[in-house]
Amino acid sequence: MPTTTRRVTALVAACAVALLLPACRPAPDPAAAPVSPSSAPTAASPQVGTVAPGPVASSAPAGTPAPAPAPPLPSVTPTPTGTPASAPTATPTVRPVTLPAPGARFEYQLGGTDEPAADTVTVVRDATAAPTGRYDVCYVNGFQTQPGETERLLRTDPGLVLHHGGEPVRDDGWPDEVLYDLTTPDLRARVADRVGRLIDACAAAGFDAVEVDNLDSHTRSLGRIAPADTLAYVALLIERAHAVGLAFAQKNAAELTTQVRELGADLAVAEECHQWQECDVYTSAYPVVLDVEYDRASFDALCAEQSDPATRRPGLSVVLRDRDVSPRTAPGSVHAAC
């Protein structure tokens, strides 16, 4: 969901990041089978139980014609009784990661689904919604809990939740969301596995990419989560997405763009990049940037830039949405593109 209420804090954190590094909705939690890499070929070894042919010595007395040499014995490899021959195992294939056409029209449908416009190429939807069959991006809350699962996680696995002073750390803008604890390699691996099952489900449903929200959660962690922790965790999510054939979209956190791109992210989804003067940060790093503006004046100004060949950013697509990202039939809904 939109995170503009968090942006002032994120901007303050940007300076600290530069010094430290070079570098909404309940969703299903399906189990997913791990992807196993193919075994490396091994050198051939002699068959067990194979009898090699060789000359047979004669024991006939002197003067007795030697018998004809015995024919060589056939090679035999015994199969254990009752053990059926195993069928060859197929190596699973992963579809290649793809991107939509740079600058193509897109729609941001997190608050409810609509039939996309005829010329829409890319659609961003929540993980609980079905893909459209166009280029579909799956929204996943990867750094904080979904509102409907927060209390359950606090009961069943509170160790995955960041705590401070004995209390779970909540997002001030979305107090029914708590931050995942990413402060150790073990915790990052456990959270990545949990979120990774959602990523796997997006791929199984037919999405083409995954947008992992709240990359800037470390700015709301009361200093507990370092930017380096965030980047180490992002690396795990990118690997998981690519393993199931999904492109990985960076969501906001412009101050981490260079590092996240170097980790292998493929495109970016930004909110109000014109409002926060961040569009060039994203477009200089990514071939495809999907920007959502919520203010009409900022949208109009950015569209004017995009219509001028001298200032146009070829990889940038822009839409104007209401802050609830409501479907077209909802009161107050806003949908526009340029």
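From a predicted model like this one, the values you see are computed outputs, not experimental measurements. (Residues numbered from 1 in each chain as written. Predicted model: local features only at pLDDT ≥ 70, side-chain atom pairs only at ≥ 80, totals over all residues. Heavy atoms only, no water.)

Undergrad: Residue-level account of the pairing of strand β7 (residues 174-178), with values.
TA: Note that strand β6 (residues 170-171) and β7 share two bridges and pair antiparallel. Bridged to D171 within β7 is W174. The loop that links β6 with its antiparallel partner β7 comprises two residues. (Pairing = 2+ DSSP bridges. Helix = DSSP H or I, 4+ residues; strand = E, 2+ residues; numbered from the N terminus.)

Undergrad: Any details on the pattern of salt bridges? Residues and values, ideally.
TA: Enumeration over the complete set of coordinates arrives at 20 salt bridges. As a salt-bridge pair, R240 and D200 come within 2.8 Å of each other at their nearest N and O atoms. Of the two residues, R240 is situated in helix α4 (residues 227-243) and D200 in helix α3 (residues 185-205); the sequence distance between them amounts to 40 residues. Measuring nitrogen to oxygen at the nearest pair gives 3.5 Å for the salt bridge that ties E272 to R323. Taken as a pair, E272 in the loop between β10 (267-271) and α6 (279-283) and R323 in the loop between β12 (316-321) and β13 (335-337) lie far apart in primary sequence, 51 residues in all. Relative accessible area serves as the criterion here: at 2%, E272 is assigned to the buried category. On the accessibility criterion, R323 (41% relative accessible area) is partly exposed. Bridged by salt links that share partners, the residues D193, R197, D200 and R240 form one connected network. (Salt bridge = Lys/Arg side-chain N within 4 Å of Asp/Glu carboxyl O. Buried < 20%, exposed > 50% of the residue type's maximum accessible area, 1.4 Å probe, protein only.)

Undergrad: Let's hear about α3: which residues, and what values?
TA: Taking 1.5 Å per residue as the helical rise, α3 with its 21 residues ought to reach 30 Å, and the 30 Å between its terminal C-alpha atoms agrees with that figure. The largest bend in α3 comes to about 25 degrees, at V195. Those residues of α3 that fall on the buried side of the exposure criterion are L187, R188, V191, A192, R194, V195, G196, L198, I199, D200, C202 and A203. Tucked into the core, α3 has its buried residues touching β3 (135-141), α2 (150-156), β8 (209-213) and α4. With its phi angle positive at about 110 degrees, G206 sits one or two positions after the end of α3. (Expected span 1.5 Å × (residues − 1). Bend = angle between axes of the 7 residues up to and from the residue. Contact = heavy atoms within 4.5 Å.)

Undergrad: Break down α4 for me, citing the residues and quoting the values.
TA: Look at α4: 24 Å from first C-alpha to last across 17 residues, which is about the 24 Å you get at 1.5 Å a residue. At the exit of α4 stands G245, carrying a positive phi of roughly 80 degrees.

Undergrad: Report on the state of the cysteines, specifying residues and quantitative values.
TA: Scanning the entire structure with this criterion turns up three disulfides. Here C138 is linked by a disulfide to C202, with a sulfur-sulfur distance of 2.1 Å. With the S-S dihedral at roughly -50 degrees, the linkage between C138 and C202 falls on the left-handed side. Of this pair, C138 sits in strand β3 while C202 sits in helix α3, placing them 64 residues apart in sequence. Residue C138 is classed as buried on the basis of its relative accessible area, which comes to 0%. Between C303 and C338 runs a disulfide, and the two sulfur atoms are separated by 2.0 Å. Handedness of the C303-C338 disulfide follows from its S-S torsion of about -90 degrees: it is left-handed. With a gap of 35 residues between them, C303 in helix α7 (residues 296-307) and C338 in the segment after β13 connect regions that are remote in the sequence. For the protein, numbering the cysteines in disulfides from first to last along the sequence yields the connectivity 1-2, 3-4, 5-6. (Disulfide = S-S within 2.5 Å.)

Undergrad: Residue-level account of the packing of α3 against α4, with values.
TA: Between α3 and α4, the least distance of the axes is 9 Å, while the angle of their chain directions is 35 degrees. Every pair of crossing elements has a handedness; the one defined by α3 and α4 is right-handed. Judged by residue contacts, R188, A189, V191, A192, D193, V195, G196, R197, I199 and D200 of α3 engage D229, A232, Y233, L236, L237, R240 and A241 from α4. Partitioned by chemical class, the residues of the contact of α3 with α4 number ten nonpolar, one polar and six charged. (Axes fitted to C-alpha atoms, helices over the stretch in contact; angles between N-to-C directions. Left-handed = near helix turned anticlockwise from the far one by under 90°. Nonpolar A, V, L, I, M, F, W, Y, C, P; charged D, E, K, R; others polar.)

Undergrad: Give a description of unusual backbone geometry that names residues and reports values.
TA: Of note in this structure, N214 is not a glycine but carries a positive phi near 70 degrees. Relative to the elements of secondary structure, N214 occurs in the loop between β8 and α4. For N214, a relative accessible area of 2% corresponds to the buried category. Phi is positive for Q277, which is not a glycine, with a value near 55 degrees. Position of Q277 relative to the elements: it lies in the loop between β10 and α6. Overall, Q277 belongs to the exposed group, its relative accessible area being 71%.

Undergrad: Before we move on, could you go through the sheet that holds strand β1 (residues 106-109) and cite the residues and values that matter?
TA: Strand pairing in a sheet relies on backbone hydrogen bonds, with the paired strands running either antiparallel or parallel. With respect to topology, nine strands assemble into an open sheet ordered β1-β2-β3-β8-β9-β10-β11-β12-β13, the strand pairing being mixed. At either margin of the open sheet sits one strand with a lone partner, and together these are β1 and β13. Each strand of the sheet is rotated relative to its neighbour by a mean of 20 degrees, with strand direction disregarded. In this structure, strand β9 (residues 247-251) lies alongside β10, joined through three bridges in parallel fashion.

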